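# A look at the structure
So you can see what is in the structure, the chains are spelled out below.
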Amino acid sequence: MKLLRVKNYEDMSKKGAEIILNLIKEKQDTRLGLATGSTPKGLYENLIADHKEHGTSYKSIRTYNLDEYAGLDGSHPQSYRYFMNDVLFHHIDIPLQQTHVPNGKADLLEEECKRYEAVIRESGGIDLQLLGIGTNGHIGFNEPGTPFDSRTHIIELAESTREANSRFFDSIDEVPTHAITMGIETILESKKIILLASGEAKADAMVKLLTGEVTTDFPASALRNHADVVVIADEAALKDVDLDQLKGIQLR
Ligand code: PGA
């Protein structure tokens, strides 16, 4: 695991975008795993600005999002399909049929999980997966207790997750109780992983990720077993991490 310490949200977003753009330059048909939430929005803004300024093309890129709320249609403003269209896909030249988000409105959600796994597998696998992190250590919507060998599955959202995400809904009662998420093993199969963290709210999660044990109680700790993970975290997120005590982590 590598740790890139940056000053603030803007620098985190720039650095993350730079890594993705370098990969796209090398490999025009990159398969990108994408994430939603407040954290990656700035990174997407950087990609859009670059697309407008330098014309970087996404015509051959395919994308695979981590998760989607169960019960929300892609036209629902709080669905992750809507979010991705709104903050990225509609502003670059990627054909929408090359963008994949689980269908939270599928009649048979279990079947949808299997279909989504097959879509990823048949693509040849994800080259680079972008991740945020929940305050409870979730990656995608893999809440504490999720087995490390999980594949795409349906998960009951933790109360803390529903509370954190209620800021986007009129009330917490409107936050879905379940979601479809790539499993932890699905995520770990990506060739490269970038995890972004910004702000004091993520300080405790950074201590656990960077200096804690590998345990299903803290799902992101599974990343410690992956060969190519870059954590890009800002000063506020790292405020409680003793950078001299990092073991097996390259600090840059
Ligand atoms: P956030 O969400 O980016 O909105 O903080 C992160 C997550 O829950 O994975």
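In what follows, the structure referred to is the one given above.
This is a predicted model, so every value here is computed, not measured.

The number of helices and strands found in the chain is 7 helices and 11 strands. Relative to the globule expectation of 18 Å for 252 residues, the C-alpha radius of gyration of the chain, 17 Å, shows essentially globular dimensions. The principal-axis extent of the C-alpha atoms belonging to the chain is close to 50 × 45 × 35 Å. With 252 residues in all, the chain has 55% of them scored as buried. When contacts within the chain are restricted to residue pairs at least 6 apart in sequence, those whose partners lie at least 24 apart make up 79%. On the chain, roughly 11,300 Å² of surface is accessible, and the fraction owed to carbon and sulfur atoms is 47%.

All chains considered together, the criterion is met by 4 aromatic pairs. An angle of 40° between the planes, with centres 5.7 Å apart, marks the rings of Tyr 69 and Phe 141 as tilted. Of this pair, Tyr 69 sits in strand E4 (residues 67-69) while Phe 141 sits in the loop between strand E6 (128-131) and strand E7 (153-156); the two residues are 72 residues apart in sequence, bridging distant segments of the chain. For the residue pair Tyr 69 and Phe 141, the accessibility class agrees, reading buried in each case. Summarising the aromatic geometry, the rings of Tyr 80 and Phe 141 are spaced 5.9 Å apart at their centres and angled 20° between planes, so their arrangement reads as stacked. Residue Tyr 80 is found in helix H3 (residues 80-87), and its partner Phe 141 is found in the loop between E6 and E7; the two are separated by 61 residues along the sequence. The two residues Tyr 80 and Phe 141 agree in class, both being buried.

Let's shift gears to the pattern of salt bridges. If you walk through the whole model with that rule in mind, you get 15 salt bridges. A salt bridge links Lys 27 to Asp 127; its shortest N-O distance comes to 3.1 Å. Of this pair, Lys 27 sits in the loop between helix H1 (9-26) and strand E2 (31-34) while Asp 127 is found in the loop between helix H4 (109-123) and E6, placing the two residues 100 residues apart along the sequence. Under the relative-accessibility criterion, Lys 27 is labelled partly exposed at 25%. Since its relative accessible area comes to 6%, Asp 127 is described here as buried.

Here we come to the sheet that holds strand E11 (residues 250-251). Read across the sheet, 8 strands follow the order E5-E3-E2-E6-E9-E10-E1-E11 without closing on themselves; strand pairing throughout is parallel. Looking at which strands have only one partner, the edges of the open sheet turn out to be strand E5 (99-100) and E11. Relative to strand E10 (residues 229-234), strand E1 (residues 2-6) runs parallel, the two sharing 5 bridges. For Leu 3, the partnering residue across the bridge sits in E10 and is Val 231. In the packing of H4 onto the sheet, contacts are made with E2, strand E3 (62-65) and E5, and the angle to E3 comes to roughly 145°.

Glancing now at the nonpolar core. Formed by 32 residues in total, the largest nonpolar core has its most connected members in Leu 195, Met 206, Leu 209, Leu 210, Leu 223 and Val 231. When contributions to this core are tallied by element, the ones reaching two or more residues are H4, strand E9 (192-197), helix H7 (203-211) and E10. Tallying contributions element by element places H7 first for this core, with 4 residues. In terms of nonpolar packing, the next biggest core, distinct from the first, is built from 30 residues, Ile 20, Leu 47, Leu 196 and Ile 232 among them.

Taken together, Gly 37, Ser 38, Thr 39, Gly 132, Ile 133, Gly 134, His 138, Arg 167 and Lys 202 make up all the residues around the ligand. Between Ser 38 and the ligand, the recorded distance is 2.9 Å, taken from a backbone N or O atom to an oxygen atom. A distance of 2.7 Å separates an oxygen atom of the ligand from a polar atom in the side chain of His 138. With the chains in place, 81% of the 280 Å² that the ligand exposes on its own is no longer accessible. Residues belonging to the shell around the ligand are distributed by class as follows: 1 nonpolar, 6 polar and 2 charged.

Mapped onto the secondary structure, Cys 113 falls in helix H4. Placed 10 residues apart in sequence, Cys 113 and Asn 103 show a C-alpha to C-alpha distance of 8.9 Å. Not counting residues within four places of it along the chain, the set of residues in contact with Cys 113 comprises Thr 152, His 153, Ile 154 and Ile 180.

Rules behind the numbers
- Residues numbered from 1 in each chain as written.
- Predicted model: local features only at pLDDT ≥ 70, side-chain atom pairs only at ≥ 80, totals over all residues.
- Heavy atoms only, no water.
- Helix = DSSP H or I, 4+ residues; strand = E, 2+ residues; numbered from the N terminus.
- Rg over C-alpha atoms; globule rule 2.2 N^0.38 Å.
- Buried < 20%, exposed > 50% of the residue type's maximum accessible area, 1.4 Å probe, protein only.
- Contact = heavy atoms within 4.5 Å.
- Areas by Shrake-Rupley, 256 points an atom, 1.4 Å probe, with all protein chains shown as cover.
- Phe/Tyr/Trp six-rings, centres within 6.5 Å; stacked < 30°, edge-to-face > 60°.
- Salt bridge = Lys/Arg side-chain N within 4 Å of Asp/Glu carboxyl O.
- Pairing = 2+ DSSP bridges.
- Axes fitted to C-alpha atoms, helices over the stretch in contact; angles between N-to-C directions.
- Core = buried A, V, L, I, M, F, W, Y, C linked by side-chain atoms within 4.5 Å.
- Near = heavy atom within 4 Å.
- Polar contact = N/O pair within 3.5 Å; in protein donor to acceptor, adjacent residues only side chain to side chain.
- Nonpolar A, V, L, I, M, F, W, Y, C, P; charged D, E, K, R; others polar.

On their own, these measurements won't tell you what the molecule is for.
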